[in-house]
Amino acid sequence: MPIVITTAQQVLLFTYLCGIFLSIKVHLKQMLQHIMPKIDLDALYLKIIHILQESAKISNAELAQRIDLTPSPCLSRVRALEAAGVIKRYVALVEPISVGLPISVFIHVALERQIDRSLEHFESAMQDQPEVMECYLMTGDSDYLIRVLVPDISTLEHFIVDKLAKIAGVSNIKSSFALKQVKYKTALPMASQLRGATA
């Protein structure tokens, strides 16, 4: 039996889909504005990025030696990468278990309506939560996927019940525990870029 969709339902569906596409377009534009490099990343720049991703504490003298450059222009290139936002910051990567944060949880969050105001409100709320390590706007059944680190189940319960569920516009929450971290890395995969730059 064919499914009959009324004109009103068609309008609602069209409006909903337009809202989704508009939100994705806005967020993609914002992402591209932040990640597009403002300098021409030649082979030397890419080598510097590759090395600093593996060891940001390397001295400028050693870095210059590894890329076959003198220290002064090497440092100028590093500063240029920093100024352009290609290198955002330098951090220490801490083992979560060693500081009492053994529980990693992935949480799918669905909103009542995917409109700009709701998206901005939720994203602003996530920025204020120290437990939230990552937050992504998603396609599919859920609107957001977040990863939280907590010391115990009671802290997780407090986060979900007293913080996440009380954010205006949140309609559904589904959580999954990470039993084992099989792979985790922070260095971006630069192999193909390096091959292309040196070809």
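Residues numbered from 1 in each chain as written. Predicted model: local features only at pLDDT ≥ 70, side-chain atom pairs only at ≥ 80, totals over all residues. Heavy atoms only, no water.

A. Summary view of the packing of aromatic side chains. Under the definition given, this model contains one aromatic pair. Of note, Arg77 hangs over the ring of Tyr45, and the distance from its end group to the ring centre comes to 4.4 Å. (Phe/Tyr/Trp six-rings, centres within 6.5 Å; stacked < 30°, edge-to-face > 60°. Lys NZ or Arg CZ within 6 Å of the ring centre and 35° of its normal.)

B. Summary view of helix H2 (residues 43-54). The first and last C-alpha atoms of H2 sit 17 Å apart over twelve residues, in line with the 16 Å expected at 1.5 Å per residue. Looking at H2, one finds that the buried residues are Ala43, Tyr45, Leu46, Ile48, Ile49, Ile51 and Leu52. Between the side-chain oxygen of the N-cap and the backbone nitrogen of Leu44 there are 3.2 Å, and the N-cap of H2 in question is Asp42. (Helix = DSSP H or I, 4+ residues; strand = E, 2+ residues; numbered from the N terminus. Expected span 1.5 Å × (residues − 1). Buried < 20%, exposed > 50% of the residue type's maximum accessible area, 1.4 Å probe, protein only. Polar contact = N/O pair within 3.5 Å; in protein donor to acceptor, adjacent residues only side chain to side chain.)

C. Here's a closer look at the side chain of Arg147. Mapped onto the elements of the fold, Arg147 is located in strand S3 (residues 144-150). Residue classification places Arg147 among the buried residues on the basis of a relative accessible area of 13%. At 3.4 Å, the side chain of Arg147 forms a polar contact with the side chain of Ser104. A distance of 2.6 Å separates polar atoms of two side chains, one belonging to Arg147 and the other to Glu134. Beyond its immediate sequence surroundings of up to four residues, Arg147 is in contact with Ser104, Val105, Phe106, Glu131, Val132, Met133 and Glu134. (Contact = heavy atoms within 4.5 Å.)

D. Spotlight on the pairing of strand S2 (residues 132-137). Note: S2 against S3, five bridges, orientation antiparallel. Within S3, the residue paired with Cys135 across the bridge is Ile146. The turn linking S2 back onto S3 is made up of six residues, and Gly140 within it adopts a positive phi angle of 100°. (Pairing = 2+ DSSP bridges.)

E. Structural view of the sheet that holds S2. Read from one edge of the open sheet, four strands run S2-S3-S1-S4, paired in antiparallel fashion. Pairing within the sheet leaves two strands with one partner each, and these edge strands are S2 and strand S4 (170-177). For this sheet the average axis-to-axis angle between neighbouring strands, irrespective of direction, equals 20°. Helix-sheet contacts for helix H6 (residues 153-164) involve strand S1 (103-111), S2, S3 and S4, and the interaxial angle to S1 is about 15°. (Axes fitted to C-alpha atoms, helices over the stretch in contact; angles between N-to-C directions.)

F. Layout of the environment of Glu54. By the secondary structure assignment, Glu54 is in helix H2. Take Glu54: its relative accessible area is 57%, and that puts it in the exposed class. Remark: the alpha-carbon pair of Glu54 and Thr186, spanning 132 residues in sequence, is separated by 8.8 Å.

G. Representation of the environment of Glu112 in the model. With respect to the helices and strands, the residue Glu112 is situated in the loop between S1 and helix H5 (116-127). Among the residues examined, Glu112 registers a relative accessible area of 60% and is labelled exposed. A C-alpha to C-alpha distance of 9.1 Å links Glu112 and Ala168, two positions 56 residues apart in sequence.

H. The pattern of salt bridges, seen in detail. Under the defined criterion, the tally for this structure stands at four salt bridges. With its nearest N and O atoms 3.5 Å apart, the salt bridge here joins Arg79 to Glu82. Separated by three residues within a single helix, Arg79 and Glu82 lie in helix H4 (residues 71-83), roughly one turn from each other. Judged by its relative accessible area of 47%, Arg79 is partly exposed. For Glu82, a relative accessible area of 27% translates into the label partly exposed. Notably, a salt bridge pairs Arg147 with Glu134, separated by 2.6 Å at the nearest N-O pair. Of this pair, Arg147 sits in strand S3 while Glu134 is found in strand S2, placing the two residues 13 residues apart along the sequence. What makes Glu134 partly exposed here is its relative accessible area of 26%. (Salt bridge = Lys/Arg side-chain N within 4 Å of Asp/Glu carboxyl O.)

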